[in-house]
Amino acid sequence: MIRNAEDVRRWLMNSATCLVIVYLVLPLIVLIPISFTSGNTLTFPTPGWSLRWYSEVFSDERWINAFWNSVVIAVSSTFIASVFGILAAIGLTWGKIPGRNLIFTLAATPLIVPVVIVGVASFSFYASLELVGNRISIILTHAALSVPIVLTTISASLRGFDRTLLRASASLGAGYWRTFYKVLLPMISPGVMTGALIAFIISFDEIVVASFLSIGSQRTLPRLIFSGVRESLNPAIASVAMLLIVFSAFVLALVVWQHSRRVRLSNR
Amino acid sequence: MNDGIDVKSMHDRGRTPSQWKYVLCIAPMAVFLIVTFFWPVARFLFKSVDNSDLVSNLPRTVIALADWKHTDGIPGEDVFAALVQDLADAHANGKDGIVAQKINQRVVGTRYLVIKTARIAAKGGFAKEALRENVLKRFSKWGNIELWSAIANDLKPLTEFYLLMSVDLQKNPDGHYESVPEEQAIFLQVFGRTVWISIVVTLICIVLALPVAHAIVAARPNVARVLITLILFPLWTSLLVRTIIWMILLQGNGPINSTLQLLGVINKPLNLIYTRFSLYVAMIQVLLPMMIFSIVAVMRRIPVNLMKAALSLGSPWLWAWWRVQLPLIMPGIFTGSAIVFVFALGYYITPALIGGPREQMISSFIAFYTNKTLNWGLASSLSIQLLFLLVLVWLIMLMSRFVFLKRTEK
Amino acid sequence: MKLARVLLTMVFVVCFSAQFFPAAAGEQVTVVGWGGNWNKAYEKGVWKPYMKQTGVKIIQEEWMGEVAKIRAQVQAGNIIYDMVSVEAPGAEIGCAEGLFVKLPRSVTGDPDKYHPETIHECGVASDTWADVMVYNADFIKGKIPKSWADFWDVKKFPGKRQLYGQAQFTFENALLADGVPVSEVYKVLRSPGGVDRVFKVLDRIRPHVIWWNQTTQAMQNLASGEVVMSDGFNARITHEIEAEKKNYVILWEAGYFYGTDLWVVVNGAPNMKVALDLLTWFSEPKNQAGFSNNFAYGTGRVEAINYVSETKRAQLPTAPQNIKYGAPYDIEYWVENKEALEKRFKTWLSK
Amino acid sequence: MTTDKTETSCETVDTHVSFKGVGKSFDGKAWAVRDLDLQITRGEFLTLLGPSGSGKTTTLMMLAGFETPTAGEISIDSRRIDRTPANRRGIGLVFQDYALFPHMTVAENLAFPLQARKYPRAEIEKHVKHILDMVQLSNMESRRPDQLSGGQQQRVALARALIFEPKLVLMDEPLGALDKKLREQMQFELKHTHDRLGVTFIYVTHDQTEALTMSDRVAVFNEGVIQQVSTPDGVYERPETSFVANFIGENNCITGTVVGSERQQEITIKLESGKILKATPRNVDTNPGIKALVTVRPERAVIDADPGEYPNGLKATIVEIVYVGDHIRIVLDSREISGFVVKISNESKMINVQKGQDVRIGWRIKDCLVFDITEQAHLSVNEIGLGSN
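Residues numbered from 1 in each chain as written. Chains lettered and ligands numbered in written order. Predicted model: local features only at pLDDT ≥ 70, side-chain atom pairs only at ≥ 80, totals over all residues. Heavy atoms only, no water.

**Student:** Help me out: how do you make sense of the overall build of chain D in this one?
**Tutor:** Helix and strand counts for chain D stand at 11 helices and 20 strands. Seen through its C-alpha atoms, chain D measures out along the principal axes to roughly 75 × 45 × 40 Å. Among the 389 residues that make up chain D, the fraction classed as buried is 54%. Contacts in chain D between residues at least 24 apart in sequence constitute 68% of all its contacts with a sequence separation of at least 6. Entry remark: accessible area of chain D is about 17,300 Å², with carbon and sulfur atoms responsible for 48%. Charge centroids of chain D, computed over 46 positive and 52 negative side chains, lie 2 Å from each other. (Helix = DSSP H or I, 4+ residues; strand = E, 2+ residues; numbered from the N terminus. Buried < 20%, exposed > 50% of the residue type's maximum accessible area, 1.4 Å probe, protein only. Contact = heavy atoms within 4.5 Å. Areas by Shrake-Rupley, 256 points an atom, 1.4 Å probe, with all protein chains shown as cover. Lys, Arg positive; Asp, Glu negative; His and termini not counted. Charge placed at Lys NZ, Arg CZ, Asp CG, Glu CD.)

Below you can see the structure in the form of structure tokens.
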């Protein structure tokens, strides 16, 4: 009797879970056939199969430019956020700083404040500095948006770091920099990498700030997609979306790999 | 960790200096965030009360209108002289457009009046004698007492005009606050709509996340890992891409409609997109993973035996869940809700692409006033509303943490 | 000291990334249009011939009409755009603020040779678009709608309608439906009670309307038969008819309003001379027609229509056979009232 | 405060490390280490022994350069080093949990100090090979620390601290994480390594066996103060304070009052029961009336002993006999003390005593040491109890 009720409940719960997972994942999968359509419209089932929309994307200078633009912006902002993030995480995790929690909370606000506000505010700020229409403004703003993530992941890995190793390194004659590069950085690198990858994705996907701050040749990939979508939904957009998903999957795989590496290191 | 002395770093050469090093470590990030984030945002929020565009371009008028009250009737010669002189200067500096815009925001339909007056004033087109009469003859609108009181009411360095407007209030000529006419009262409604959409999204996320979280925690490690990766994957996919996918899926001749038609469930495509429904579908897909992970994080810390214990004590499953499991995962639900709610509040791209005109939230209005009508004061005031909501959520979080802590202490 | 090294590295990297900017070389000019097919048509019909003729390099950009960005560029003295296609109200506001160069007669030619409202002291029309009434002939058979009054008549033509979810366009269309002739629409709007009348007319049709806010959305609802009638931008509808073989019918004779986007030259543009030269060249009717031959939007110069092919001509809002039913949007009216009326309209919409 | 015979000929000894008046306070209130004076001879194996929190690790860390003395000076070879950064002191340091770099292989761990000193690559390879041979880990060089057993990790840690040929090696409870058997084996390996290299070892432990087995000298710490510095048999046989007497080895403690001293190195104590004992004063005032603590090591007490040879004696009842393996432990109760412990060899004739049997416990005067009871004051009740448990 109880056995049965238990089974029914489990069955219900599992099917609910399956439905939710399907809801989360299926849309991404449905995109695959659509992006290979030979037709002119985003209809399903597709009239035929072809690579024409992919070749259109790859041969269109605008998409390529926007892609590289996004990469440059994402890499630069990630680098800046990581450098500041590592330093600040060290200070906040190891130092006895009064108001530590307050600093953490304040450093998290760029992630919480609606992007529209950040976009408008940065736009008005950089306009006064002659920096609108310049990659630097987007890079700096994206870096500010990424700092909370980087700070959190690096602080987490610093908390798991055994500081005796720093003493060991010093006792073996290593100076500050050698200790930093050879001991600390390799040990917390999974955390740094995870944070950096998330920061990269944040910047790479970011559209609101980019649309406020980018002008003309500084157009990022999401910005280009956005203006494309407003005009018409054509299969080229689906192809770009597909490429972005593949890209994200790749980055996610990197993160999962980094994570398993961190688990391995901490299980020594 | 021996003898508790490891709290000191390898470079500890005494107490105070080492702490300074840590402060130095934090300083670059602090300075960076202040310069690239806090200062720009503060500067932008200041625009909600900043009135310098009006005041600094009408210096003489400010003085001349200092003692004027709307009961005094149309101002006299000196005010007109001051105004004409100010507008002439503004035109020469290229500021008449901004002055006209600001005045038009207060009294609709006066933009060209100001610009044209400024143009003529700059050319010396008004005779010096009987200036007031001269101006009034050419532009009878300057004889409008409402216009004058609207200007005079707001000739101060800091104005509450935009803040009032953003909560559907205005100042009447006597200087009292009153509601704007009903047909203009939109912002509180948008505010309510934004909150409502966020609440609905949060609640649905909770309902959908609970079974998934249970399944993940109950599953074998390998299965759990697969589930987590499956949930992580959409989270890692561009928000824009996911919105576009929903646009494709939900459109009239999109996959969902064609499949349903193929199956003969419907004979005419359903109107799925550009509705509240499509907005919820797209937003929840984006935000649900965060809720799931918040709940899973808490559930993992709950001993599995608690539910077994409750069941062994003879309680029905649902009751046991309600009394034992739910209170323990409440902190996770709370954190997840706060995250989902806060993110939902700021949504802009998804409503813009997938919602109809009635699905637009505060963010859309902020962008509209920033880009289209260049009314930054209002955009800033609306941002303040949004930030106010965020602070509120944050305070609730703090308080709830306090409550939960107390409960676990008992 | 060690921290300084990190900071220096950072500054270096940031500066390095700034080096990605392309350096200007030779005679060139940056023109900013509305993107997509619009840009393609300009490239094919106008920029290419000009480049061939003069050797000047034209760099095409696209934007979404945010005048605030130009203002920011001008205020900061950091101007990237030379020539921009701006919506007429934006041109008006920008001109008053001194963001745009006042164009001399030598560039624009005689203003009388333009359609009304397609020339401004700061700009000349880049394109003339219209918001027109359209129906899908696949779903309306037999009795055919002829006017905006028919659009409002849900008894005679059952089914959902579709209107643009903003005040401009919808207000004009409502007054047309209420029997106001195109030439009288703004007189009514400006008169006391004019706006109230609009809302009364809108109240009548409200339960039957789906509001669109993106062209994509409008076209999709029209294609699926979700709505039987709609308003929409004429070139977009023509594109659907030609490229997608849709059975849409544009009702020019129901009355329509046309709007103008204007080419303006940004004050302090780095290539101002080239831009002005390009505009001078563009103001020739023959050169203007190059755009209309590739896109169903009209031109500023009246004569330009003579250089447009027969089939294209019928699709333009400025074609003689169409323009007799149309009138331009009143820029002054919308510049002053847009913010307040949009707000009131959205309030009404939300109820 | 504590001088032993070995330290009197200070001038002739080659002093390697010297602490003078060193003190350390973490919070500016309490002293973690106080008035530390200590000279360490070159080539010596010195152990700092004490319970946790007694200041021994702090002392080591001050020498290694990870803590700054609040007072006093530390010198190596008569040069003050308390301002030299840790990485320039050239001191080998073995950590309690080894602190091997988990992301590096054994060989990389060993090469690390040489790379830091910018040795040429060939030189590094040679040294690594040599030291791996020395610690018998030649085939493990490409493993990571998590693939080694505890003992192997310990050897790598030692090898890493030795590879750059420091003149001074510090060890902070390096064997603490090993199981008993391995620990004993490693103790001998360490001792042999020390003998072979002839460098100075300073060793921190709370394990007295370790201290006694390996050291040339032992410095016993308590509450930040050195109680005694002496050879292993010195601290065991001739403790200076009741703390040392109790901390090292086991002791039976009985309180009493000083009656008087008839001759040098002998004192008369009266227990509460009125029983009179003769004992050797260690650190006590011989004035009558002073409260004093009498201690007897369990292995020096004898059951049913000849009163002539063992003049001190108590009547007691056997309450428990425990067979421990290499010896037998007999617990007795008497009027004066309950839980008096006597250890006897497991081959002793006494092996046939019975539980509940009344016997006489006796011991020699020289094995009965007396300490000032005020010395005892800061020793916790538990630790006193240890001796009579």
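**Student:** Can you help me understand the overall build of chain C in this one?
**Tutor:** Counting its regular elements, chain C contains 16 helices and 11 strands. Its C-alpha atoms give chain C a radius of gyration of 23 Å, within 12% of the compact-globule value 20 Å for 351 residues. Long-range pairs, those at least 24 residues apart, make up 72% of the contacts in chain C between residues at least 6 apart in sequence. Treating the 39 positive side-chain charges of chain C as one cloud and the 39 negative ones as another, the clouds have centres 4 Å apart. (Rg over C-alpha atoms; globule rule 2.2 N^0.38 Å.)

**Student:** Help me out: how do you make sense of the interface of chain A and chain B in this one?
**Tutor:** By a widespread convention, an interface's size corresponds to the accessible area lost as its parts come together. Across the boundary between the two partners, chain A contributes 85 residues, which contact 81 residues of chain B. Across the interface of chain A and chain B, roughly 7,400 Å² is buried in total on both sides, 81% from carbon and sulfur atoms. Linking chain A with chain B are zero salt bridges. The tally of links from chain A across to chain B stands at eight residue pairs in polar contact (both at pLDDT 80 or more). No other element matches the 14 residues that helix 1 (residues 2-35) of chain A contributes to the side of chain A that touches chain B. (Buried area = accessible area lost by both parts, 1.4 Å probe. Salt bridge = Lys/Arg side-chain N within 4 Å of Asp/Glu carboxyl O. Polar contact = N/O pair within 3.5 Å; in protein donor to acceptor, adjacent residues only side chain to side chain.)

**Student:** Before we go on, may I ask you to explain the sheet that holds strand 19 (residues 358-363) of chain D in this structure?
**Tutor:** The strands making up a sheet are joined through hydrogen bonds of the backbone, oriented either antiparallel or parallel. All names here are of chain D. Within the open sheet, the five strands sit side by side as 15-19-16-17-18. Their pairing is antiparallel. Each end of this open sheet is capped by a strand with a single partner; those strands are strand 15 (302-303) and strand 18 (338-345). Across two bridges, strand 15 lies against strand 19 in antiparallel orientation. Within strand 19, the residue paired with V302 across the bridge is G362. (Pairing = 2+ DSSP bridges.)

**Student:** What exactly am I supposed to notice about the confidence of the model for chain D here?
**Tutor:** Should the pLDDT be low somewhere, the predicted coordinates at that spot are not to be read in detail. Residue and element names in this part refer to chain D. When the pLDDT values of chain D are averaged, the result is 85; 92% of them are 70 or greater. Per-element confidence in chain D is highest for strand 3 (residues 45-49), whose mean pLDDT is 95, and lowest for helix 11 (residues 381-386), whose mean pLDDT is 34. Note on residues 1-10: pLDDT is under 50 here. Beyond four places in sequence and across chains, it has 16 contacts. The low-confidence segment residues 375-389 (pLDDT under 50) makes 28 contacts with residues lying over four places distant or belonging to another chain. (pLDDT = per-residue confidence, 0-100.)

**Student:** Could you clarify how one ought to interpret the confidence of the model for chain C in this entry?
**Tutor:** When pLDDT is averaged along chain C, the result is 88; 93% of the residues meet or exceed 70. Between residues 14-25 of chain C, whose pLDDT stays under 50, and residues either more than four places distant or in other chains, the model counts 12 contacts.

**Student:** Please explain a nonpolar patch on the surface as it appears in this structure.
**Tutor:** Residues V22(A), L26(A), I29(A) and I32(A) make up a contiguous nonpolar surface patch of roughly 310 Å² in combined accessible area. Assignment of secondary structure puts I32(A) in helix 1. (Patch = residues over 30% accessible without salt bridge, like charges linked within 9 Å, V, L, I, M, F, W, Y side chains within 5 Å.)

**Student:** Explain the domain arrangement of chain D to me, please; I cannot follow it from the model alone.
**Tutor:** Residue and element names in this part refer to chain D. Structurally, chain D comprises domain 1 (2-242) and domain 2 (250-378). Relative placement of domain 1 and domain 2: their C-alpha centres are 37 Å apart. Contacts between the two partners involve nine residues from domain 1 and, on the opposite side, 11 residues from domain 2. Where domain 1 abuts domain 2, roughly 950 Å² becomes buried across the two surfaces, and 38% of that area is made up of carbon and sulfur atoms. On the domain 1 side of the interface with domain 2, the three residues burying the most area are Y236, P239 and S242, jointly 51% of the side's total. Counting every contact that joins domain 1 to domain 2 gives two salt bridges. The shortest N-O distance in the salt bridge between E240 and R282 comes to 4.0 Å. Taken together, domain 1 and domain 2 are joined by five residue pairs in polar contact (both at pLDDT 80 or more). (Domains from an automatic or database assignment.)

**Student:** Just to check I follow, could you spell out the state of the cysteines for this structure?
**Tutor:** Put plainly, a disulfide is one covalent bond tying together the sulfur atoms of two cysteines. Under the criterion given, the structure shown has one disulfide over all chains. With a sulfur-sulfur separation of 1.9 Å, C95(C) is cross-linked through a disulfide to C122(C). When the S-S torsion is 65 degrees, as for the bridge of C95(C) with C122(C), the disulfide is right-handed. With C95(C) in helix 4 (residues 88-97) and C122(C) in the loop between strand 4 (119-120) and strand 5 (123-136), the pair connects residues that are 27 residues apart, well separated along the chain. Accessibility classification places C95(C) together with C122(C) in one group, the buried group. C18(A) takes part in no disulfide bond, and the closest cysteine sulfur, belonging to C205(B), lies 19 Å away. (Disulfide = S-S within 2.5 Å.)

**Student:** What is the right way to look at unusual backbone geometry in this model?
**Tutor:** Negative phi values dominate among residues other than glycine, just as trans dominates among peptide bonds. Residue and element names in this part refer to chain D. Phi at S78 takes a positive value of approximately 65 degrees, unusual for a residue other than glycine. Although it is not a glycine, Q136 adopts a positive phi angle of roughly 60 degrees. In this fold, Q136 is placed in the loop between helix 4 (121-134) and helix 5 (150-162). Residue Q136 is classed as exposed on the basis of its relative accessible area of 57%.

**Student:** Just checking my understanding: could you explain the packing of helix 5 (residues 115-128) of chain A against helix 18 (residues 362-371) of chain B for this structure?
**Tutor:** Two numbers describe a pair of packed helices, the interaxial angle and the distance between the axes. Helix 18 of chain B packs onto helix 5 of chain A with a crossing angle of 20 degrees between their chain directions and a minimal axis gap of 9 Å. Classified by the angle between their axes, helix 5 of chain A and helix 18 of chain B sit roughly parallel to one another. Considering how the two elements wind past one another, helix 5 of chain A and helix 18 of chain B form a crossing that is left-handed. Residues V116(A), I117(A) and V120(A) of helix 5 of chain A form the contact with helix 18 of chain B, whose participating residues are S363(B), I366(B), A367(B) and T370(B). (Axes fitted to C-alpha atoms, helices over the stretch in contact; angles between N-to-C directions. Parallel < 35°, antiparallel > 145°, perpendicular 65-115°, else oblique. Left-handed = near helix turned anticlockwise from the far one by under 90°.)

**Student:** Is there a simple way to think about the pattern of salt bridges in this case?
**Tutor:** Side chains that differ in sign of charge can pair as their charged atoms come close. Residue and element names in this part refer to chain D. Applying the stated criterion to the full structure yields 47 salt bridges over all chains. In this structure, R42 engages D14 in a salt bridge whose closest nitrogen and oxygen atoms are separated by 2.8 Å. Linking R42 in the loop between strand 2 (33-41) and strand 3 with D14 in the loop between helix 1 (5-8) and strand 1 (15-24), this pair joins segments that are 28 residues apart in sequence. The class of R42 is partly exposed, set by a relative accessible area of 35%. With relative accessibility at 41%, the residue D14 sits in the partly exposed group. Residues joined in a network through salt bridges with shared partners are E237, R300, E309, R364, K366 and D367.

**Student:** Help me understand the packing of aromatic side chains in this model?
**Tutor:** A ring pair, where both rings are aromatic, is described by two values, the distance of the centres and the angle of the planes. Residues and elements named next belong to chain A. With the rule as written, the count across this model stands at 65 aromatic pairs over all chains. On the numbers, 6.0 Å between centres and 80 degrees between planes, the contact of F67 with F204 is edge-to-face. Remark: F204 occurs in helix 8 (residues 176-205) and F67 occurs in helix 3 (residues 61-94); sequence separation between them is 137 residues. Residue F67 is classed as partly exposed on the basis of its relative accessible area, which comes to 28%. (Phe/Tyr/Trp six-rings, centres within 6.5 Å; stacked < 30°, edge-to-face > 60°.)

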